[in-house]
Amino acid sequence: MNSKIRVKICGITNMADMDTCLRHGVHYAGLMFFEKSPRFLDLNLARKLSLHAGDQIKKVGVTVNLDNQTIDKILAKVPLDFIQLHGHETPGRVKEIKTRYNLPVIKAIGVSKKSDLESILLFKDVADQLLIDAKSSSSSVLPGGNGLNFDWNLLKNFKFECPWLLAGGLTSENVKKAIKLTGANQLDLSSGVEKTPGQKDEEKISLFMSSI
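Let me sum up the structure you'll find in this document. None of these values were measured; they are calculated from a predicted model.

The next thing to look at is the layout of surface pockets. The volume enclosed by the second largest pocket comes to roughly 160 Å³. Looking at the lining of the second largest pocket, the element that brings in the most residues is helix α3 (residues 68-77), giving three residues. Across the lining of the second largest pocket, the residue classes break down as eight nonpolar, one polar and three charged.

Here we have eight strands rolled up into a closed barrel, ordered β1-β2-β3-β4-β5-β6-β7-β8, and parallel in their pairing. Adjacent strand axes in the sheet meet at a mean angle of 25° when their direction is disregarded. Relative to strand β6 (residues 129-134), strand β5 (residues 105-111) runs parallel, the two being bridged by six bridges. Counted as the bridge partner of Ile-109 is Ile-132 from β6.

This part is about the pattern of salt bridges. One pass over the full model with this rule turns up 13 salt bridges. Among the salt bridges present, the one from Lys-113 reaches Asp-116, with a minimum N-O distance of 3.6 Å. For Lys-200, the salt bridge is made with Glu-194, and the minimal N-O distance between the two is 2.7 Å. For the pair Lys-200 and Glu-194, one class covers both residues: buried. Taken together, the shared-partner salt bridges connect Arg-39, Glu-194 and Lys-200 into one network.

Thresholds, definitions, all that
- Residues numbered from 1 in each chain as written.
- Predicted model: local features only at pLDDT ≥ 70, side-chain atom pairs only at ≥ 80, totals over all residues.
- Heavy atoms only, no water.
- 1 Å grid on protein atoms, 1.4 Å probe; cavity = no way out; pocket = protein on both sides within 12 Å on 5 of 7 lines; lining within 4 Å.
- Points joined across faces, edges and corners; volume = space filled by probe spheres on them.
- Helix = DSSP H or I, 4+ residues; strand = E, 2+ residues; numbered from the N terminus.
- Nonpolar A, V, L, I, M, F, W, Y, C, P; charged D, E, K, R; others polar.
- Pairing = 2+ DSSP bridges.
- Axes fitted to C-alpha atoms, helices over the stretch in contact; angles between N-to-C directions.
- Salt bridge = Lys/Arg side-chain N within 4 Å of Asp/Glu carboxyl O.
- Buried < 20%, exposed > 50% of the residue type's maximum accessible area, 1.4 Å probe, protein only.

The structure is reproduced here in structure tokens:
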């Protein structure tokens, strides 16, 4: 395992999977607050998972186009270290959320072609980190966690001006290639280490962590 590479495992739904992340040195745990996701958490369970993990791991609240009232309710109940915005939030909205909650913000950007990288320039000064993911199709219910990757050559030699994470279809089989092509030092995955949606596989997590 390369200690310089940080891993975020998204869609943690139970204590056993949170403990697995802690055991294997995962840096971020994603807690899902998107109701259409099979990894969606109610606030009581999200609170228990967050308190259980304590300060051993960074807890990331994953949201999609939520209003302030809903985010207020989440943060009143669940201790979080980051807010992840995985919808169609504008740079202005990112700045508003960051200011209102005084928490670092991760903004997800979907990529399928070179011109999509222009969005990085729009968000690089307002988001604390960017998450570069495969762009979901217009028919997809989920904005992420679909196990899809994109052409990593699009990021070859691209110079990021803020911290970022690579997401989209990462597995133990392709992660070395992904790192080599993109230069990523932070990785985000969910379905690549699951038995079924929302249920992680410790063997896959272990194998992934030993593959980087």
